[in-house]
Amino acid sequence: MTIELNALLKTLSGRTREKFERMPSVVLKDGSFDVEKLPVDKAEWHRLTDVVAVMFDLKSSTNLEKGRKPPSTASIYDAGVGGVVQIFGKFDADFVDIQGDGGFALFWDERHYERAMCAAISIHNFSDDFESQLKTKWPDAPTTGFKVGVASGQILAKRVGLPRHLNMQEPVWAGRPVNYAAKAAQQTEPGLTLVTGSVWDALADNDYLAFSCGCDDGVPGGEPSFLWEERTLDKIPDDEQFGQVLKSGWCENHGEDYCNAILRGETFRAEISEKLRSRQTLLASGSENELAEARKRRAQIRKALEAEVPQRDPRFQPRPGEL
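Residues numbered from 1 in each chain as written. Predicted model: local features only at pLDDT ≥ 70, side-chain atom pairs only at ≥ 80, totals over all residues. Heavy atoms only, no water.

Chemist: Explanation requested: the nonpolar core in the structure shown.
Modeler: Side chains that are nonpolar tend, in soluble globular proteins, to be buried together. Residues Val54, Phe88, Phe107, Met117, Ile123 and Val150 are the most contacted members of the largest nonpolar core, which totals 50 residues. Mapped onto this core, the elements with two or more residues apiece are strand S2 (44-58), helix H3 (70-90), strand S4 (102-107), helix H4 (112-137), strand S5 (146-161), helix H6 (197-203), helix H7 (207-210) and helix H8 (255-264). The element that contributes the greatest number of residues to this core is H4, accounting for 10 residues. Ignoring sequence-local partners within four residues, the contact set of Val150 consists of Val52, Ala53, Val54, Ala120, Ala181, Ala184, Thr193, Leu194, Val195, Thr196 and Val199. Counting residues in hydrophobic clusters, the runner-up holds 25 residues, among them Val35, Leu48, Val178 and Val245. (Core = buried A, V, L, I, M, F, W, Y, C linked by side-chain atoms within 4.5 Å. Buried < 20%, exposed > 50% of the residue type's maximum accessible area, 1.4 Å probe, protein only. Helix = DSSP H or I, 4+ residues; strand = E, 2+ residues; numbered from the N terminus. Contact = heavy atoms within 4.5 Å.)

Below is the structure:
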């Protein structure tokens, strides 16, 4: 192989200049987005107003290979990463991308916040079982599990690659959701699901997500409790940094019922006391002035984006608690 490197770099420099001078068109695709129809050789990007990204990353994946034969390592990756992909499939993720020992799923269609969050919580439960079985099989294996981050917002998409070479084309997702979900996943641990500010705005008024069922280590009969804690996410430079952390997965007694209630769009539980609900309301509105102002700004951005949609698709309804 011989490459005319100077000519290549000169061509790329000219291409960059042309791209900067001739801006591509951006087409709003809410309600009609199709990954298969993303252009590759056309100066056009497709835009979605609101997408939820769920990022997952296998902790200590490099160390999982040490001292194990290739078939053993392969089985670990297949069981772990393959299991998460199965979860995304069950919750009808609209797009899934695997990147080695991790990856992400995108949700943008009907009940996209609910499906995304149910998938994220399911990964928590799966991660616990995955590590338990791993330790049973290989007691010397390092502590592992899946780190999960969730973010949402506007996204631009285009297929980038070589025209007429389908195996060298991939969708590119430009925007904050994937980037911020990755940053959230990087700064958490298995068993802790981090969500950014806009994700919390969409979930805060859902009793099935905000409060526990009352079970204590599988023993029913206790009082429900609030499940979330405030968390400022490092490396996120805007109002999305004011997120929340969820420390629990699905209850073995009530998890399936709660999950399906969320997917049906149910949000209210009569057994939640007014005292407990007042705490949730305080946190949802921003318990500190900085958090309250950040939430208002996020709502204003959301409203401005939605105003650009000519006719609202009935599947894209206002999120709970928006101003």
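Resuming the write-up.
Chemist: Explanation requested: the pattern of salt bridges in the structure shown.
Modeler: Once their charged atoms are close, side chains differing in charge can pair, the charge on each being opposite to the other. Taken as a whole and assessed by the stated rule, the structure comprises 16 salt bridges. Arg22 is paired through a salt bridge with Glu18; the nearest N and O atoms lie 3.8 Å apart. Its relative accessible area of 42% is what places Glu18 among the partly exposed residues. One network of salt bridges, in which partners are shared, links Asp201, Arg295 and Arg298. (Salt bridge = Lys/Arg side-chain N within 4 Å of Asp/Glu carboxyl O.)

Chemist: Mind showing me how you'd approach a nonpolar patch on the surface here?
Modeler: Among the surface-exposed residues, Met1, Ile3, Leu5, Leu8, Leu9 and Leu12 lie close enough to one another that they form a single nonpolar patch of about 680 Å² accessible area. Its location among the elements puts Ile3 in the segment before helix H1 (5-21). You can call Ile3 exposed: its relative accessible area is 54%. (Patch = residues over 30% accessible without salt bridge, like charges linked within 9 Å, V, L, I, M, F, W, Y side chains within 5 Å. Areas by Shrake-Rupley, 256 points an atom, 1.4 Å probe, with all protein chains shown as cover.)

Chemist: Explain the packing of aromatic side chains to me, please; I cannot follow it from the model alone.
Modeler: Each aromatic ring pair is specified by the distance between its two centres and by the angle formed by the two planes. With the rule as written, the count across this model stands at 15 aromatic pairs. Their ring planes at 35 degrees and their centres at 5.9 Å tell us that Trp108 and Trp173 sit as a pair that is tilted. Residue Trp108 is located in the loop between S4 and H4, and its partner Trp173 is located in strand S6 (residues 169-175); the two are separated by 65 residues in the primary sequence. Looking at Trp108, the relative accessible area reads 7%, which means it is buried. Feature note: the residues Phe56, Phe88, Phe107, Phe126, Phe130 and Phe146 constitute an aromatic cluster, connected by ring pairs. Taking NZ or CZ as reference, Lys137 lies 5.9 Å from the ring centre of Trp138, over its face. Across from the ring centre of Tyr208, 5.9 Å away, lies the NZ or CZ of Arg269, which sits over that ring. (Phe/Tyr/Trp six-rings, centres within 6.5 Å; stacked < 30°, edge-to-face > 60°. Lys NZ or Arg CZ within 6 Å of the ring centre and 35° of its normal.)

Chemist: Would you mind showing me how to read helix H5 (residues 176-186) here?
Modeler: In an α-helix, one turn spans 3.6 residues; hence positions three or four apart end up facing the same way. Among all positions of H5, only Pro177, Val178, Tyr180, Ala181, Ala182, Ala184 and Ala185 are buried. Buried positions along H5 lie against S2, S4, S5, S6 and strand S7 (193-195).

Chemist: Just checking my understanding: could you explain the pairing of S5 for this structure?
Modeler: Two faces make up the sheet, and in a regular strand the side chains alternate between them. Across the 16 residues that make up S5, a large majority, 12, are buried. Bridge analysis of S2 against S5 gives 11 bridges, and the strand direction is antiparallel. The residue of S5 that forms the bridge with His46 is Ala157. Sheet topology note: the S5/S7 ladder contains three bridges and is parallel. If you follow Gly149 over to S7, its bridge partner there is Leu194. (Pairing = 2+ DSSP bridges.)

Chemist: How do you make sense of the side chain of Ser152 when you look at a structure like this?
Modeler: Locating Ser152 in the fold gives a position in strand S5. On the basis of relative accessibility, which here comes to 5%, the residue Ser152 falls in the buried class. A polar contact is formed between the side chain of Ser152 and the side chain of Tyr113, at a distance of 2.9 Å. (Polar contact = N/O pair within 3.5 Å; in protein donor to acceptor, adjacent residues only side chain to side chain.)

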